[in-house]
Amino acid sequence: MYTKTEDQVLLMKEAAMLVSKTLTEVAKVLKPGMTTLDIDLLCMQFAKDHKASISFHNYHGYPHHICASVNDVVVHGFPNKNPLKEGDIVSIDFGVILNGWHGDHAYTFILGEADPAAIELVKVTKESLYVGIEKAIVNNRIGDIAYAIQEHTEKKHGYGVVRELVGHGLGKELHEDPQVPNYGKRGTGLKLKENLVLAIEPMINMGTHKVYTDDDGWTVKTQDGKPSVHFEHDVCIKKDTALILSDFSIIEAAEKANQNLNSSYY
Ligand code: MF3
Ligand code: CO
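Just so we're clear, the structure is a prediction, and the values are computed from it rather than from any experiment. (Residues numbered from 1 in each chain as written. Chains lettered and ligands numbered in written order. Predicted model: local features only at pLDDT ≥ 70, side-chain atom pairs only at ≥ 80, totals over all residues. Heavy atoms only, no water.)

J.: How should I be thinking about the site of ligand 1 in this particular structure?
T.: The environment of ligand 1 is made up of 13 residues, and the closest members are Asp93, Asp104, His168, His175 and Glu232. Within the side chain of aspartate 93, one N or O atom sits 2.5 Å away from a nitrogen atom of ligand 1. A distance of 3.0 Å separates a nitrogen atom of ligand 1 from a polar atom in the side chain of aspartate 104. A total of 330 Å² of accessible area belongs to ligand 1 in isolation, and the protein chains cover 95% of it. Grouping the amino acids of the shell around ligand 1 by side-chain chemistry returns six nonpolar, three polar and four charged. (Near = heavy atom within 4 Å. Polar contact = N/O pair within 3.5 Å; in protein donor to acceptor, adjacent residues only side chain to side chain. Areas by Shrake-Rupley, 256 points an atom, 1.4 Å probe, with all protein chains shown as cover. Nonpolar A, V, L, I, M, F, W, Y, C, P; charged D, E, K, R; others polar.)

Dropping the structure here:
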């Protein structure tokens, strides 16, 4: 684990914000009939236009620029040519390298009219990210973040918290120490220090927490075929309140303005 200087945190904010701005561009145009490969191209082009390179492309051989995880796909879905349809739950995860620093975050969109239970899953997963972030302060421990997320999703709502994949430190590398699980015990794990930057990313299943990886070696799916939702923020540990480097508010504004997206849970 290493902490960043104030100057480095500012640079990391620029990287995180470029991802937020990219996801905002997605929120402006996303609609049924579009494909996740269309979104991949849009994100890649937007990042390139802003002089950034792409974090995920070729990372351990990852063959695309975004992860597009639809419905029962938990994370690391490959973009493809299937037209998205009304009711789909679409997580877009994107990462850029700007001035040597990674930004890496994710947002889940709902296309049009959807199953109320799926909309509730989206709402609660987003809430759980903020519940976790509340614990991301100096002298708390990783387990405090983990416990808070698990409590809100599993205990309160009966959802499944994915065990196999976790959040992570973020910096010059996409994945740095420490790991940030979305399940665990309060008061355990690494003690948080000021200016440690974490990517906190709850992956929450409507049904069982159990997942499997597809034959492509990447796509993670729920074992029961029920939907899964993923939100991710880049967060800098501070004394009283964490500093969130990424920004959902610009994505949400575009989401609300887009008639093809469902923002009824706000
Ligand atoms: N947000 C995901 C993560 O941090 C994205 C990684 S996709 C990969 O694990 F292709 F880069 F692995
Ligand atoms: Co991540």
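There is more to say, and it comes next.
J.: What should I look at first to understand the coordination of the cobalt ion (ligand 2) in this one?
T.: Donor atoms from the polypeptide that coordinate the cobalt ion (ligand 2) comprise Asp104 (OD), His168 (NE2), Glu201 (OE) and Glu232 (OE), at 2.1 to 2.3 Å from the metal. Each of the six donor atoms around the cobalt ion (ligand 2) contributes to a set of angles spanning 66 to 168°, which defines the coordination as irregular. Every donor residue of the cobalt ion (ligand 2) comes from the same chain, spaced as D-x63-H-x32-E-x30-E. One end of the pair, glutamate 201, is in the loop between β9 (197-200) and β10 (203-205); the other, glutamate 232, is in the loop between β13 (228-230) and β14 (233-236), and 31 residues separate them in sequence. Residue class for glutamate 201 comes out buried when judged on its relative accessible area of 7%. (Donors = N, O, S within 2.8 Å, 3.2 Å for Na, K, Ca; no water. Tetrahedral: all angles 85-135°; square planar, octahedral: opposite > 155°, others 65-115°. Helix = DSSP H or I, 4+ residues; strand = E, 2+ residues; numbered from the N terminus. Buried < 20%, exposed > 50% of the residue type's maximum accessible area, 1.4 Å probe, protein only.)

J.: Got a minute to help me understand the packing of helix α3 (residues 116-134) against helix α4 (residues 142-157) in this structure?
T.: In a packed pair of helices, the relevant descriptors are the angle between the two axes and the axis-to-axis distance. Between α3 and α4, the least distance of the axes is 8 Å, while the angle of their chain directions is 155°. Taken together, the axes of α3 and α4 are roughly antiparallel relative to one another. Seen along the crossing, α3 lies across α4 with a hand that is right-handed. In this structure, α3 contributes Glu120, Val124, Glu127, Ser128, Val131 and Gly132 to the contact, and α4 contributes Ile145, Ala148, Ile149, His152, Thr153 and His157. (Axes fitted to C-alpha atoms, helices over the stretch in contact; angles between N-to-C directions. Parallel < 35°, antiparallel > 145°, perpendicular 65-115°, else oblique. Left-handed = near helix turned anticlockwise from the far one by under 90°. Contact = heavy atoms within 4.5 Å.)

J.: Teacher, can you tell me more about the nonpolar core here?
T.: Burial of nonpolar side chains together is a common tendency in soluble globular proteins. Formed by 60 residues in total, the largest nonpolar core has its most connected members in Leu30, Ile39, Ile92, Phe109, Leu198 and Ile200. For this core, the element with the highest residue contribution is α3, accounting for seven residues. Discounting residues that sit within four places of it in the chain, isoleucine 92 has contacts with Leu23, Val26, Ile39, Ile66, Cys67, Ala68, His105, Ala106, Tyr107 and Phe109. Membership of the second largest hydrophobic core comes to 12 residues, among which are Val9, Leu170, Val197 and Cys236. (Core = buried A, V, L, I, M, F, W, Y, C linked by side-chain atoms within 4.5 Å.)

J.: Please clarify how the pairing of strand β2 (residues 66-70) should be interpreted in this entry.
T.: Across a regular strand the side chains alternate sides, sitting on one face of the sheet and then on the other. Among the five residues in β2, five count as buried, and that is most of the element. Covered by surrounding structure in β2 are Ile66, Ala68 and Val70 together with Cys67 and Ser69, the residues of both alternating faces. Across five bridges, β2 lies against strand β4 (residues 89-98) in antiparallel orientation. From the neighbouring strand, isoleucine 66 faces β4, where its bridge partner is phenylalanine 94. (Pairing = 2+ DSSP bridges.)

J.: Whenever I open this one, the packing of helix α1 (residues 6-29) against helix α5 (residues 248-257) confuses me. Can you help?
T.: Viewed as axis vectors pointing N to C, α1 and α5 meet at an angle of 5°, and their least axial separation amounts to 8 Å. Our classification of the angle between α1 and α5 gives roughly parallel. For the pair formed by α1 and α5, the contact residues are Met17, Ser20, Lys21, Leu23, Thr24, Ala27 and Lys28 on the first element and Ile250, Ile251, Ala254 and Glu255 on the second.

J.: Looking at this model, I keep getting lost on the sheet that holds strand β3 (residues 73-75). Mind explaining?
T.: Sheet strands associate in pairs through backbone hydrogen bonding, adopting either a parallel or an antiparallel arrangement. With antiparallel pairing, three strands are arranged side by side in an open sheet as β3-β12-β11. Edge positions in the sheet fall to β3 and β11 (211-213), since each has one partner strand and no second. Neighbour-to-neighbour, the strand axes of the sheet open up by a mean angle of 40°, direction not taken into account. Where β11 and strand β12 (residues 220-222) come together, three bridges link them in antiparallel fashion.

J.: What is the right way to read the environment of valine 162 from this model?
T.: Among the structural elements, valine 162 can be located in the loop between β6 (160-161) and β7 (167-169). Separated by 21 residues in the primary sequence, valine 162 and tyrosine 183 place their C-alpha atoms 8.3 Å from one another. Excluding anything up to four places from it in sequence, valine 162 contacts Val74, Tyr183, Met203, Asn205, His209 and Val211.

J.: Just checking my understanding: could you explain the packing of aromatic side chains for this structure?
T.: Here a ring pair, both rings aromatic, is described through the centre-centre distance and the interplanar angle of the planes. Under the definition given, this model contains eight aromatic pairs. Plain terms: the ring middles of tyrosine 130 and phenylalanine 248 are 6.1 Å apart, the flat faces sit at 85° to each other, and that makes the pair edge-to-face. Placement of the pair is tyrosine 130 in helix α3 and phenylalanine 248 in helix α5, with a sequence separation of 118 residues. By relative accessible area, which is 31% here, tyrosine 130 ends up partly exposed. Taking the relative accessible area as the measure of exposure, phenylalanine 248 reaches 2% and is therefore buried. Ring geometry for tyrosine 265 versus tyrosine 266: centroids 4.6 Å apart, planes at 25°, classification stacked. Grouping aromatic residues by their ring pairs yields a cluster made of Tyr107, Phe109, Tyr130, Phe231 and Phe248. A cation over a ring is seen here: lysine 4 above tyrosine 2, with NZ or CZ 4.0 Å from the ring centre. (Phe/Tyr/Trp six-rings, centres within 6.5 Å; stacked < 30°, edge-to-face > 60°. Lys NZ or Arg CZ within 6 Å of the ring centre and 35° of its normal.)

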